[in-house]
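Architecture at a glance
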There are 2 protein chains.
Amino acid sequence: MSDAEKPRQARRAPAGAAVLQKDVTLAIQAAVFTELAKHGYGRLSIEAVARRAGVGKTAIYRRWSSKLQMVLEVVSAAAVKVMPVPDTGTLSGDIRELLDAGAQAMRHPLASQIVPDLLAEASRNPDIAETLENALRETQQGVSAVMIKNAVERGDLPADTDAELAFDMVFGPLYWRVAVTRSPVSNDYLDRLAEGATAALIGAHGPAAHSGG
Amino acid sequence: MSDAEKPRQARRAPAGAAVLQKDVTLAIQAAVFTELAKHGYGRLSIEAVARRAGVGKTAIYRRWSSKLQMVLEVVSAAAVKVMPVPDTGTLSGDIRELLDAGAQAMRHPLASQIVPDLLAEASRNPDIAETLENALRETQQGVSAVMIKNAVERGDLPADTDAELAFDMVFGPLYWRVAVTRSPVSNDYLDRLAEGATAALIGAHGPAAHSGG
DNA sequence: TCAGGACAGAACGCAACCGTATCGTCCCTA
DNA sequence: TAGGGACGATACGGTTGCGTTCTGTCCTGA
């Protein structure tokens, strides 16, 4: 006997209303994250999301017109968790706090699976690329700029310090370790990384440097 | 008129033999790369590879039993391009050369799309993870270990320098820039990055007093 | 109160792929 | 030189997902 032959009325439980229901939206959002982590954007299917969320496909199409739009909106909404600007009084302290916050974010299994996946997808999809770019800019790039500015005002760094390079040298190794080598990120490692990054920022303006180019 | 309506016999051109033909294999390998770059591993289909390579699906199934095995083998074969150990006589020179080689590799559009995609997939697929891990170890990790050893022997670095951290601090920012922020990687940027990484390695061991005195 | 509309569920036709099988051709090795 | 087998092509049934449409239920705002 197939599913289609079962009595129909018996299986229906809840119902709807004349307004989009928040709990349905929440269930869909959660399902999107889980499915993204489990299968990636490429293999994400509306049907699987609906199945996991326990909703009908219509509930999804009523909210978003496509898989892309759905993912972009759900991801954007989640990305607005603003990162606080560290202010420990020293450059190395600030960097250490920034690294800690970054490591904590990347330790989330959802994030550590979904973010690399979407980044890979971004190379084929300009909309995804733009969304991620904005998320990155809004959350972290400004933070490190402020951090550099504070350090400059304290006299810890020269005024022409390259904030962009600083940003790369703080988050690059961390992301590399989490996403590429998949090695564990211990507090001790973060200590050493912070130390190295601090030295890099200070030392990059050594003897031959200062081209400013 | 669609292709499917053309007379069937007229389109057959080549034929086969009693041995796997190298040019067919090469065509398939190239198609795998192109399809991987275009659609990612998740959306890679055997049929599309066969179509692009201009071969029948049988030619593929005769060589590999599954999409996973096919991709792993093709990618592994391509990853054996060994990176020469830089030996410029100075640590910063070696780092600069390593960065240059890395940047050149990542500038290839195929690589810069396929590698992040497979890395994302690796978080769901242990076989892919292992393959990439091996490729990374064989090509670059040993290189940077030798580089550090040379620097230690020259007296440029203390004997207890953390090679792992060094590795992360050299390639991390580069990969971050290419794969995450998608910013251009100029020679000038590589110069500054090499400078910073060098300072990080030297300065990570003790108070960052260097450069000036 | 009451009607509009969101709801879950089911089914639709269509398309893409899966992995396998079969065909006739023709190359390559023994 | 003989024949085994790789070759491209095609077809197969099965699966999955697409986006749409319909149904009957029942919530909710006006």
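As the structure is a prediction and not an experimental result, all values here were calculated from the model.

Thoughts on the overall build of chain A
In terms of regular secondary structure, chain A is built from nine helices and zero strands. What you see in chain A, going N to C, is helices and strands ordered as α-α-α-α-α-α-α-α-α. When each of the 213 residues of chain A is scored for burial, the buried share is 45%. Contacts in chain A between residues far apart in sequence, at least 24 positions, make up 65% of those at least 6 positions apart.

Section: the interface of chain B and chain A
Across the contact, 48 residues belong to chain B and 50 residues belong to chain A. Carbon and sulfur atoms supply 58% of the area that chain B and chain A bury against each other, a total of about 4000 Å² over both sides. Run the count over chain B and chain A and you get eight salt bridges. Residue Asp-162 of chain B pairs with Arg-192 of chain A through a salt bridge whose shortest N-O separation is 1.8 Å. At the junction of chain B and chain A, the tally comes to 18 residue pairs in polar contact (both at pLDDT 80 or more). For the side of chain B that touches chain A, the secondary-structure elements that each account for two or more residues are helix H2 (22-43), helix H7 (109-122), helix H9 (163-181) and helix H10 (187-203) of chain B. Tallying contributions element by element places H9 of chain B first for the side of chain B that touches chain A, with 14 residues.

Looking at the packing of aromatic side chains
Taken as a whole and judged by the stated rule, the model has eight aromatic pairs over all chains. Considering the side-chain rings of Tyr-175 of chain A and Trp-176 of chain B, the 5.6 Å spacing of their centres and the 75° angle between planes classify their relative orientation as edge-to-face. Of the two residues, Tyr-175 of chain A is situated in helix H8 (residues 163-181) and Trp-176 of chain B in helix H9; the pairing between them involves two chains. Assessed through its relative accessible area of 8%, Tyr-175 of chain A is described here as buried. Taking relative accessible area as the criterion, Trp-176 of chain B reaches 3% and is therefore assigned buried. Ring geometry for Trp-176 of chain A versus Phe-171 of chain B: centroids 5.8 Å apart, planes at 20°, classification stacked. Linking Trp-176 of chain A in helix H8 with Phe-171 of chain B in helix H9, this pair reaches from one chain into another. With respect to burial, Trp-176 of chain A and Phe-171 of chain B carry one shared label: buried. Connected via pairs of aromatic rings, a cluster forms that spans Phe-167, Phe-171 and Tyr-175 of chain A together with Trp-176 of chain B. Cation over ring: Lys-67 of chain A sits above Tyr-41 of chain A, and NZ or CZ is 4.6 Å from the ring centre.

Some points on the relation of the copies chain B and chain A
Comparison of the two chain copies shows a relationship of rotation about an axis with a shift along it. With an RMSD of 0.1 Å, the operation that places chain B on chain A is a rotation of 180° combined with a shift of 0.0 Å along the axis. Here the two chains are linked by the operation of a two-fold rotation axis. The residues that chain B uses at the interface reappear at the interface of chain A in 96% of cases, marking a shared surface.

A closer look at the packing of helix H9 (residues 187-203) of chain A against H10 of chain B
In contact at an axis separation of 7 Å, H9 of chain A and H10 of chain B are set at 125° when each is read in the N-to-C sense. Put simply, H9 of chain A runs oblique to H10 of chain B. In this structure, the crossing between H9 of chain A and H10 of chain B has a hand that is right-handed. Where H9 of chain A abuts H10 of chain B, its residues Gly-196, Ala-199, Ala-200 and Gly-203 of chain A lie against Gly-196, Ala-199, Ala-200 and Gly-203 of chain B. Split into classes, the residues belonging to the contact of H9 of chain A with H10 of chain B amount to four nonpolar, four polar and no charged.

Structural notes on the side chain of Thr-198 of chain A
Counting through the fold element by element, Thr-198 of chain A comes out in helix H9. Excluding residues that lie within four positions of it along the chain, Thr-198 of chain A makes contacts with Leu-91, Ser-92 and Ile-95 of chain A.

As for unusual backbone geometry
Residues other than glycine seldom take positive phi values, yet Arg-182 of chain A does so here, at roughly 60°. As for its placement among the helices and strands, Arg-182 of chain A is situated in the loop between H8 and H9.

A word on the side chain of Asn-125 of chain A
Along the polypeptide, Asn-125 of chain A turns up in the loop between helix H6 (109-122) and helix H7 (126-154). Setting aside its immediate chain neighbours within four residues, Asn-125 of chain A contacts Tyr-41 and Leu-68 of chain A.

Focus on the pattern of salt bridges
Scanning the model with the defined rule gives 26 salt bridges over all chains in all. Two residues, Arg-177 of chain B and Glu-164 of chain A, come together in a salt bridge whose shortest N-O distance is 3.3 Å. Highlighted residues: Arg-177 of chain B in helix H9 and Glu-164 of chain A in helix H8, drawn from two different chains. A relative accessible area of 5% means that Arg-177 of chain B is categorised as buried. Glu-164 of chain A sits in the partly exposed class, given a relative accessible area of 41%. A salt bridge links Asp-100 of chain B to Arg-96 of chain B, with the shortest nitrogen-to-oxygen separation between them at 3.3 Å. Of the two residues, Asp-100 of chain B and Arg-96 of chain B are both situated in helix H6 (residues 91-107); the distance of four residues between them amounts to about one turn of the helix. Given the relative accessible area of 18%, Arg-96 of chain B is considered buried.

Here we look at helix H3 (residues 46-53) of chain B
Residue and element names in this part refer to chain B. The complete set of buried residues in H3 reads Ile-46, Ala-48, Val-49, Ala-50 and Ala-53. Summarising the contacts, the buried residues of H3 are in contact with H2, helix H4 (57-61) and helix H5 (67-79). Within two residues after H3, Gly-54 carries a phi angle of roughly 70°, on the positive side.

Observations regarding the confidence of the model for chain A
All names here are of chain A. Mean pLDDT over chain A: 86, with 87% of residues reaching 70 or higher. The weakest mean pLDDT in chain A belongs to H7 at 89; the strongest belongs to helix H2 (residues 46-53) at 98. Across residues 1-15 the pLDDT falls below 50, and counting only partners more than four positions away or on other chains, this stretch makes three contacts in the model. Counting contacts from residues 206-213, a segment whose pLDDT is below 50, to residues more than four positions away or on other chains yields eight contacts.

What counts, and at which threshold
- Residues numbered from 1 in each chain as written.
- Chains lettered and ligands numbered in written order.
- Predicted model: local features only at pLDDT ≥ 70, side-chain atom pairs only at ≥ 80, totals over all residues.
- Heavy atoms only, no water.
- Helix = DSSP H or I, 4+ residues; strand = E, 2+ residues; numbered from the N terminus.
- Buried < 20%, exposed > 50% of the residue type's maximum accessible area, 1.4 Å probe, protein only.
- Contact = heavy atoms within 4.5 Å.
- Buried area = accessible area lost by both parts, 1.4 Å probe.
- Salt bridge = Lys/Arg side-chain N within 4 Å of Asp/Glu carboxyl O.
- Polar contact = N/O pair within 3.5 Å; in protein donor to acceptor, adjacent residues only side chain to side chain.
- Phe/Tyr/Trp six-rings, centres within 6.5 Å; stacked < 30°, edge-to-face > 60°.
- Lys NZ or Arg CZ within 6 Å of the ring centre and 35° of its normal.
- Least-squares fit on C-alpha atoms with pLDDT ≥ 70 in both.
- Axes fitted to C-alpha atoms, helices over the stretch in contact; angles between N-to-C directions.
- Parallel < 35°, antiparallel > 145°, perpendicular 65-115°, else oblique.
- Left-handed = near helix turned anticlockwise from the far one by under 90°.
- Nonpolar A, V, L, I, M, F, W, Y, C, P; charged D, E, K, R; others polar.
- pLDDT = per-residue confidence, 0-100.

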